[in-house]
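Working through the structure, step by step
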Amino acid sequence: MAATFFGEVVKAPCRAGTEDEEEEEEGRRETPEDREVRQQLARKREVRLLRRQTKTSLEVSLLEKYPCSKFIIAIGNNAVAFLSSFVMNSGVWEEVGCAKLWNEWCRTADTTHLSSTEAFCGFYHLKSNPSVFLCQCSCYVAEDQQYQWLEKVFGSCPRKNMQITILTCRHVTDYKTLESTGSLPSPFLKALKTQNFKDPACCPLLEQPNIVHDLPAAVLSYCQVWKIPAILYLCYTDVMKLDLITVEAFKPILSTRSLKGLVKNIPQSTEILKKLMTTNEIQSNIYT
Amino acid sequence: MASRYDRAITVFSPDGHLFQVEYAQEAVKKGSTAVGIRGTNIVVLGVEKKSVAKLQDERTVRKICALDDHVCMAFAGLTADARVVINRARVECQSHKLTVEDPVTVEYITRFIATLKQKYTQSNGRRPFGISALIVGFDDDGIPRLYQTDPSGTYHAWKANAIGRSAKTVREFLEKNYTEDAIASDNEAIKLAIKALLEVVQSGGKNIELAIIRRNQPLKMFSAKEVELYVTEIEKEKEEAEKKKSKKSV
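Residues numbered from 1 in each chain as written. Chains lettered and ligands numbered in written order. Predicted model: local features only at pLDDT ≥ 70, side-chain atom pairs only at ≥ 80, totals over all residues. Heavy atoms only, no water.

- Looking up chain B in UniProt gives the name Proteasome subunit alpha type-7-like, with the organism given as Macaca fascicularis.

- The name that an unreviewed UniProt entry assigns to chain A is Proteasome assembly chaperone 1, with the source organism given as Mandrillus leucophaeus.
- Check the Sequence similarities (unreviewed entry) section of the UniProt entry for chain A; it says "Belongs to the PSMG1 family."
- In the Subcellular location (unreviewed entry) part of its UniProt record, chain A is described as follows: "Cytoplasm". (UniProt positions renumbered as here; feature names shortened; annotations may be inferred.)

Here's what the structure looks like:
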C-alpha cells in the first residue's frame, strides 16, 4: 500500500493474492437468492440468434445451417456504414437473421424499423451467391457474451474452407507508438491476420505492442484456433462517431480479394455514404 | 501509466507529459472544422456549420465571433469554454482601448488569450480550456494577421491553418494549395478557404459559414446565398479543369 501526495491511497498490485483472503471467502458463499439473481442475469445476457421471417431462434449455429465461402463482418458504426454504402448497395442482399442481446452498454433493436442511431446485429447473404455472408454489428458485445456470439454464429466445429474478413475502428489514442498521436496520419488502416490467411493485406500489419480488443479479437482468436483464414482490418481514427473520412479510410480494402466482385458502383456508393452522414448527425451543444 | 498522472493538471508524468493538456487537445478535435487564411489584403475565416436542432435559434450557434471592430476569431472545441474566453478577450479589447487609446493589435489579444489558457494549465483544481482558436485581423500598420492558439497556451502566426475535426486533412490541402497565386486576389483567397472546407464538410456549401475582414473595413459575415455563389463558381472551375484534362489525354 502506498500513499500519494494528494492523499489518495493506491493499492500496490500483488500476484501472491491479498492478505485478507480468508475473510473474503466467508462473504463469498452463495445464498439461494444470489443464485437466483445470477441465473436471471445470465438469462438476460443470453445472445440469441433469430431467423428473419419467423423470429424464432436458430436450432444450430448460422454457419452450420448455411454453407459459407466468404464472411465479411463489420463491427462498429463506421465499418457498418462502409459496408452499407459500398457493398450492400452493389448487389441484392437478403437478411437471414439477427442477433439479439442485452448488456449494460446496449440493447439491440429490431432490424425492421431501425433508426440510424440504434444498435443492431444483422446477418445477410448475397442472393446471387448465397455462400457469401455479411454481418453488420453496431452493438457492443460484452466479454461474457463474445463466446456465446461465436458459438451461435460459427458453431462448435466450424468448416475451414471459408474466408473471414473483419472491419472495425479504434480510437487513435489506443495506438501505441513512439510518435505523438498528433503527428499520426489518422485515419489509417492496419491489418492482423491468422496463420492460414495467405493473401497479402492491402495495408501494413499491426505492429507490437498494439493489441486488438473486444469482438474482433474474439473472432480472430477463434479463427486462429480453428485454422480458418481470417483477416482483420483495423482503422485507427480520431473521430469515433460516424465520419466520412474515417469510412473512406476503408476504401483500399475494395481492391482486395475479399471484397473484389462485390463492389460495382463506387461514385454512387460515395453519394449514398454522404446521405447516410447527413441523416445521422446527432445534435449536441457541448462541442462547437 | 497515464491514469496515475492525469488527475491533477499540475502534475507532470515521468516522461514529461501533461496529460490533461493533451486530453484537452482531443476535446478540440470533437468540434467542427474551422479554417483561417491570410491573404494579401484580406483575412478569411471559414467554419463548418453545426446542424442546428429544429427548434433552436440559428443565430445563437456561432463559431465566428468578433472580438473588436478589427479582430475576429473562430474556435473549435467546448462551446462553454469558448464563451468564457471570448468574453474575457472582448473586455480586454475595450479596456486596452480606454487605457492606451489605441485598439489592440492582433498579436496582443492573441497573447492575452494564450496567457489566460496557460494559467489554467498551471492552476491547482482547474482544467485547461478545451478550445483552439484562430484569430484574424488587421493591425494599424495595415498588415493582415492570422494566429492560432491551443489549450496548452501556445500561440503562433500562420499563413493558413485549420483546427477542429479533420484539421489534418484540411491543413494538408492548404499546404499543397496555398500559393502566391492562390491568394493573389481577395476572391481567390475566399475560394481557397471554401475549397479547403469542402474537403471535409460532408454536405457541401450549405453547411459552410464564412467571414472576412478587409483592410480598414469591419468584419463581414457572408450570407448563405453568397457562399453558394462561390461554391457554384468553384464547381464550375472544377468541371472546366476536368474537361481540359480529358481533352489533353485524348
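Now that the structure has been shown, the text picks up again.
Here's the deal with the UniProt feature "glycosylation site" in chain B
All names here are of chain B.
- Following the UniProt record, the feature "glycosylation site" maps to Ser132 here.
- When you line up the elements, Ser132 lands in strand S5 (residues 131–138).
- We classify Ser132 as buried; its relative accessible area is 5%.
- Residue contacts for Ser132: discarding those within four places in its chain leaves Val28, Ala74, Phe75, Ala76, Lys117, Gln148, Thr149, Asp150, Pro151 and Ile163. (Helix = DSSP H or I, 4+ residues; strand = E, 2+ residues; numbered from the N terminus. Buried < 20%, exposed > 50% of the residue type's maximum accessible area, 1.4 Å probe, protein only. Contact = heavy atoms within 4.5 Å.)

Comments concerning helix H3 (residues 79–100) of chain B
Residues and elements named next belong to chain B.
- The end-to-end C-alpha distance of H3 is 32 Å, a good match for the 32 Å that 22 residues give at a rise of 1.5 Å each.
- Within the sequence span of H3, burial applies to Asp81, Ala82, Val85, Ile86, Ala89, Glu92, Cys93 and His96. The arc that holds every buried residue of H3, seen down its axis, measures 125°, which confines them to one face. For H3, the exposed residues set more than 90 degrees away from the buried face come down to Arg83, Val91 and Leu98. (Expected span 1.5 Å × (residues − 1). Arc of directions from axis to C-beta.)

Describing helix H7 (residues 224–249) of chain B
Residues and elements named next belong to chain B.
- Between the first and last C-alpha of H7 there are 38 Å, a value that for 26 residues agrees with the 38 Å anticipated at 1.5 Å per step.
- Listed in full, the buried residues belonging to H7 are Val227, Tyr230, Val231 and Ile234.
- The elements touched by buried residues of H7 are helix H6 (186–198) and strand S9 (208–214).

What to know about the packing of H6(B) against H7(B)
All names here are of chain B.
- Where H6 contacts H7, the axes come no closer than 10 Å and their chain directions differ by 85°. Considering the angle they form, H6 stands roughly perpendicular to H7. Across the interface between the two elements, Asn187, Ile190, Lys191, Ile194 and Lys195 from H6 touch Val227, Tyr230, Val231, Glu233, Ile234 and Glu237 from H7. (Axes fitted to C-alpha atoms, helices over the stretch in contact; angles between N-to-C directions. Parallel < 35°, antiparallel > 145°, perpendicular 65-115°, else oblique.)

Some details on the interface of chain A and chain B
- Each partner contributes to the interface: chain A provides 25 residues, whereas chain B provides 29 residues.
- Summed over both sides, the interface of chain A with chain B buries roughly 2,300 Å², with 49% coming from carbon and sulfur.
- Where chain A meets chain B, there are one salt bridge.
- A salt bridge links Lys29(B) to Asp238(A); the shortest N-O distance between them is 3.9 Å.
- Taken together, the links from chain A to chain B amount to seven residue pairs in polar contact (both at pLDDT 80 or more).
- For the side of chain A that touches chain B, the elements supplying multiple residues, two or more each, are helix H7 (244–248) and helix H8 (266–279) of chain A.
- Counting residues per element, the side of chain A that touches chain B draws most heavily on H8(A), which supplies three residues.
- For the side of chain A that touches chain B, the class distribution of residues is ten nonpolar, nine polar and six charged. (Buried area = accessible area lost by both parts, 1.4 Å probe. Salt bridge = Lys/Arg side-chain N within 4 Å of Asp/Glu carboxyl O. Polar contact = N/O pair within 3.5 Å; in protein donor to acceptor, adjacent residues only side chain to side chain. Nonpolar A, V, L, I, M, F, W, Y, C, P; charged D, E, K, R; others polar.)

Observations regarding the state of the cysteines
- Scanning the entire structure with this criterion turns up zero disulfides over all chains.
- Here Cys93(B) is not disulfide-linked; the sulfur of Cys72(B) is the nearest cysteine sulfur, at 11 Å. (Disulfide = S-S within 2.5 Å.)

With respect to the pairing of strand S8 (residues 163–171) of chain A
Residues and elements named next belong to chain A.
- Counted residue by residue, S8 has eight buried out of nine residues, so it is predominantly covered.
- Two strands pair when backbone bridges link them, and strand S4 (residues 70–75) and S8 are joined in this way by six bridges, in the parallel orientation. The residue of S8 that forms the bridge with Ile72 is Thr165.
- Note that S8 and strand S10 (residues 230–237) share eight bridges and pair parallel. (Pairing = 2+ DSSP bridges.)

Considering the pairing of strand S3 (residues 64–68) of chain B
All names here are of chain B.
- Most of S3 sits inside the fold, with four of its five residues counted as buried.
- Direction of pairing for S3 relative to strand S4 (residues 71–77): antiparallel, over a ladder of four bridges. Considered in S4, the bridge of Asp68 is made with Val71.

Concerning the sheet that holds strand S8 (residues 160–163) of chain B
All names here are of chain B.
- A sheet is described by the order of its strands in space; here five strands give the open sequence S8-S1-S2-S9-S10, paired in antiparallel fashion. The open sheet has two edge strands, S8 and strand S10 (220–221), and neither has a second partner.
- In the sheet, strand S1 (residues 34–38) pairs with S8 via four bridges, with the strands oriented antiparallel. Bridged to Ile37 within S8 is Ala160.
- Packed on one face of the sheet, helix H5 (residues 167–177) meets S1 and S8 and runs near 165° to S8.

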